[in-house]
Amino acid sequence: DTAVSQTPKYLVTQMGNDKSIKCEQNLGHDTMYWYKQDSKKFLKIMFSYNNKELIINETVPNRFSPKSPDKAHLNLHINSLELGDSAVYFCASSRGTGAEAFFGQGTRLTVV
Amino acid sequence: GDSVTQMEGPVTLSEEAFLTINCTYTATGYPSLFWYVQYPGEGLQLLLKATKADDKGSNKGFEATYRKETTSFHLEKGSVQVSDSAVYFCARLTGTYKYIFGTGTRLKVLA
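To start, this report covers the structure provided alongside it. Since this is a predicted model, take the numbers as computed values, not measurements.

**Quick notes on the sheet that holds strand β8 (residues 73-78) of chain A**
Within a beta sheet, neighbouring strands are joined by backbone hydrogen bonds and run either parallel or antiparallel to one another. All names here are of chain A. Overall, antiparallel pairing links the four strands, which are arranged β1-β3-β8-β7 in an open sheet. Two strands bound the open sheet, and with one partner strand each, they are β1 (4-7) and β7 (64-70). Adjacent strand axes in the sheet meet at a mean angle of 20 degrees, parallel and antiparallel pairs treated alike. Relative to β8, strand β3 (residues 19-25) is paired through four bridges, and the arrangement is antiparallel. Bridged to lysine 19 within β8 is isoleucine 78.

**Things to note about the nonpolar core**
The biggest cluster of nonpolar side chains holds 25 residues, and the ones touching the most others in it are Leu19, Trp35, Leu48, Phe73, Leu75 and Tyr88 of chain B. Listed by contribution, the elements that provide at least two residues to this core are β2 (11-14), β3 (19-21), β4 (23-25), β5 (33-38), β6 (44-50), β8 (62-65), β10 (86-94) and β12 (105-110) of chain B. Among all residues touching tyrosine 88 of chain B, those that are not within four sequence positions of it are Gln6, Ile21, Trp35, Tyr36, Val37, Leu47, Phe62, Leu75, Gly104, Thr105 and Leu107 of chain B. Leu11, Ile21, Val60 and Ala87 of chain A belong to the second-largest nonpolar core, a separate cluster that totals 20 residues.

**Things to note about the interface of chain A and chain B**
Where interface size is quoted, it is often the accessible area lost as the parts come together. Each partner contributes to the interface: chain A provides 26 residues, whereas chain B provides 19 residues. Here chain A packs against chain B, burying approximately 1900 Å² in sum over the two surfaces, 56% of which is carbon and sulfur. A salt bridge links glutamate 100 of chain A to lysine 49 of chain B; the nearest nitrogen and oxygen atoms lie 2.6 Å apart. Linking chain A with chain B are six residue pairs in polar contact (both at pLDDT 80 or more). Elements that contribute at least two residues to the side of chain A that touches chain B include exactly β4 (31-37), β5 (43-50), β6 (53-57) and β9 (87-94) of chain A. Broken down by class, the residue content of the side of chain A that touches chain B amounts to eleven nonpolar, ten polar and five charged.

**Some remarks on the side chain of lysine 77 of chain B**
All names here are of chain B. Relative to the assigned elements, lysine 77 resides in strand β9 (residues 75-77). Within the local environment of lysine 77, its side chain forms a polar contact with the side chain of aspartate 84, the two groups lying 2.8 Å apart. Excluding anything up to four places from it in sequence, lysine 77 contacts Ala17, Phe18, Leu19, Lys60, Gly61, Phe62 and Asp84.

**Overview of the sheet that holds strand β7 (residues 56-59) of chain B**
Residues and elements named next belong to chain B. Read across the open sheet, the four strands follow the order β3-β9-β8-β7; overall the sheet is antiparallel. The open sheet is flanked by β3 and β7, the only strands paired with a single partner. Averaged over neighbouring strand pairs, the angle between their axes works out to 15 degrees when direction is ignored. Here β7 runs beside β8; their pairing, made up of four bridges, is antiparallel. Across the sheet, glycine 57 pairs through a bridge with alanine 64, a residue of β8.

**Quick notes on the pairing of strand β2 (residues 10-13) of chain A**
Residue and element names in this part refer to chain A. Only one face of β2 is buried: it carries Leu11 and Thr13, and the other face, with Tyr10 and Val12, is open. Pairing between β2 and strand β11 (residues 107-111): four bridges, direction parallel. Each bridged residue has a counterpart across the sheet, and for threonine 13 the counterpart in β11 is valine 111.

About the criteria used
Residues numbered from 1 in each chain as written. Chains lettered and ligands numbered in written order. Predicted model: local features only at pLDDT ≥ 70, side-chain atom pairs only at ≥ 80, totals over all residues. Heavy atoms only, no water. Pairing = 2+ DSSP bridges. Helix = DSSP H or I, 4+ residues; strand = E, 2+ residues; numbered from the N terminus. Axes fitted to C-alpha atoms, helices over the stretch in contact; angles between N-to-C directions. Core = buried A, V, L, I, M, F, W, Y, C linked by side-chain atoms within 4.5 Å. Buried < 20%, exposed > 50% of the residue type's maximum accessible area, 1.4 Å probe, protein only. Contact = heavy atoms within 4.5 Å. Buried area = accessible area lost by both parts, 1.4 Å probe. Salt bridge = Lys/Arg side-chain N within 4 Å of Asp/Glu carboxyl O. Polar contact = N/O pair within 3.5 Å; in protein donor to acceptor, adjacent residues only side chain to side chain. Nonpolar A, V, L, I, M, F, W, Y, C, P; charged D, E, K, R; others polar.

Right, dumping it as structure tokens:
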């Protein structure tokens, strides 16, 4: 059983397109996250949701819009994709009580 | 703001060598501290954690001790294996919902 699953694993698209990445967790966690990992492996938080409410938005461009239909899902929609959006995007979840976060396998986004 | 600093890589060791990867954190509050490992093409996996000063986290032969006096959480392993080759991330939890990661240290173990 996959704890945090995200789809697709790979996404290649042209500049200007709109795309979505889906994430689901079956751990019963209340908090979910999106992280961006650049080509140098640097991980930066983008968003954090707790009980479907946005609690962290780390100055991410408005082109990125997260949506949490329920506590088990946090999707990421990206409008007007740019070359600089190419990265690996990780979804994660946690109990939100100071415990560790669990990560998905990542979505490698390549914008051409 | 809060941050985590870990040693630059890559670190290249021979099999059975001793490993240390240094990690220090900004001393804001008493954060939970973590080490994560990322194998090629995979997501991050929790390696070990410590939630208060003097706690020692351990897993798969790896250890790290939460040192409040030096704001450090160095990762150690007595005898590395080729299968330990990966990128290792030190992280701290800021508040309840924000995990801050170091820049990652790539470890390469040669047979």
